[in-house]
Amino acid sequence: MAVMDLDRVPIDEVLRYLGAGGKDPGPLLPLAEDCARELLAAARPRWTWRGFGCEIAPEGVRLDCGFLLPGKDLADHLSGCREAVLLAATLSPGVDALLRRTQLSDLSRSLVLESCAAAAIEEVCDRAEAAIGERYPGRGFTSRFSPGYGDLPVTIQGEFLALLDAPRKLGLCATASSILTPRKSVTAVLGVREPGAKAAPKAKSCGSCSLRGSCAYRRRGITCGRE
Ligand code: SF4
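Reference entry: report on the structure contained in this document. (Residues numbered from 1 in each chain as written. Predicted model: local features only at pLDDT ≥ 70, side-chain atom pairs only at ≥ 80, totals over all residues.)

**As for helix α4 (residues 93-105)**
Quick reminder of the rule: In this text, helices come from DSSP runs of H or I with a minimum length of four residues, and strands from runs of E with a minimum of two, each type numbered from the N-terminal end. Residue count minus one, scaled by 1.5 Å, sets the expected span of a helix. Neighbour counting defines burial: a residue surrounded by 20 or more other C-beta atoms within 10 Å of its own C-beta is buried, one with 12 or fewer is exposed, and intermediate counts give partly exposed, using backbone-placed C-beta atoms. The directions from the helix axis to the C-beta atoms are what the arc is built from. The contact criterion used here is simple: two residues whose C-beta atoms, placed from the backbone, lie within 7 Å are in contact.
In a regular helix each residue adds 1.5 Å, so 13 residues correspond to 18 Å; α4 covers 19 Å between its end C-alpha atoms and thus fits that length. Within α4 the residues assigned to the buried category are V95, L98 and L99. Buried residues in α4, looked at end-on, bunch into an arc of 100 degrees, giving them a common side. Exposed and facing more than 90 degrees away from the buried side of α4 are A97, R100, L104 and S105. Each element contacted by the buried residues of α4 is listed here: α2 (28-42) and α5 (107-133).

**Considerations on the nonpolar core**
Which entries qualify depends on this criterion: Among buried residues, those of type Ala, Val, Leu, Ile, Met, Phe, Trp, Tyr and Cys that are joined through C-beta atoms within 7 Å form a set called a nonpolar core.
Ranked by internal contacts, the top residues of the largest apolar core, which has 60 residues, are L39, A84, L87, C116, A117 and A120. If one sorts the elements of this core by residue count, α5 sits on top with 11 residues. Each residue touching A117, except ones within four places of it in the same chain, is listed here: L39, L91, V95, L99 and K184.

**As for the packing of α4 against α5**
The cut-off we apply is this: Geometry is summarised by axes, namely lines fitted to C-alpha atoms with helices restricted to the contacting stretch, and by angles between N-to-C directions that run from 0 to 180 degrees. Any angle between 65 and 115 degrees counts as roughly perpendicular, while under 35 counts as roughly parallel, over 145 as roughly antiparallel, and the rest as oblique. Working rule for handedness: look at the near helix, and if it is turned counterclockwise from the far one by less than a right angle, call the crossing left-handed; if clockwise, right-handed.
Running from amino to carboxyl end, α4 crosses α5 at an angle of 160 degrees, the nearest separation of the two axes being 8 Å. Regarding the angle of α4 to α5, the classification is roughly antiparallel. In this structure, α4 crosses over α5, and the sense of that crossing is left-handed. Every residue of α5 that contacts α4 at V95, L98, L99, T102 and Q103 is listed here: L107, R109, S110, L113, E114 and A117.

Function cannot be inferred from these measures alone, as they are strictly geometric.
Here it is as structure tokens:
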């Protein structure tokens, strides 16, 4: 388990989530910067991971510990990979508390804070991925793919977290309906590319975005442009 000293939230990502990417943000910029500062003060980011051998099987991706990540979409995503990394990261309960308080007192600010939290957990995952990459020199990863995306069932969250000992190490759990608590957390699978394998362009995607369940873009059948 690693504790991360997160010192910045990528404001361009925050603005993109808010629908102001590539435009003049006007007064949204100072508001986003202020919310980012408040979020960083509340966050205590932590993350953990484990590497596994894996086999692409007709029913999904089978890890060498015997755990099955079911479905075709992740199997396609990890095509050609013989190793996979399971990653879990959280911003901590303090961020959930901040969001709950702000929802009651200032709904517009809470929407900006939600976007700051989404950008922050992505940043935590990016930095965690860079640190894990040092253990796989010359390899590289596929983009992150989370339970609940495509046909990878969200109901595996509990077992996924147990494999990483995340409840004990991070205080990160899943409810009976497989919602992560703290809420601003991510679990994701990354395929480890074989040495010399041609890396496909690695676009960021909805596959691990923490806004996925409530995304206004996706409700309209579009994306924020991250993919
Ligand atoms: S769920 Fe997808 S479209 Fe929505 S904010 Fe996240 S990356 Fe963008």
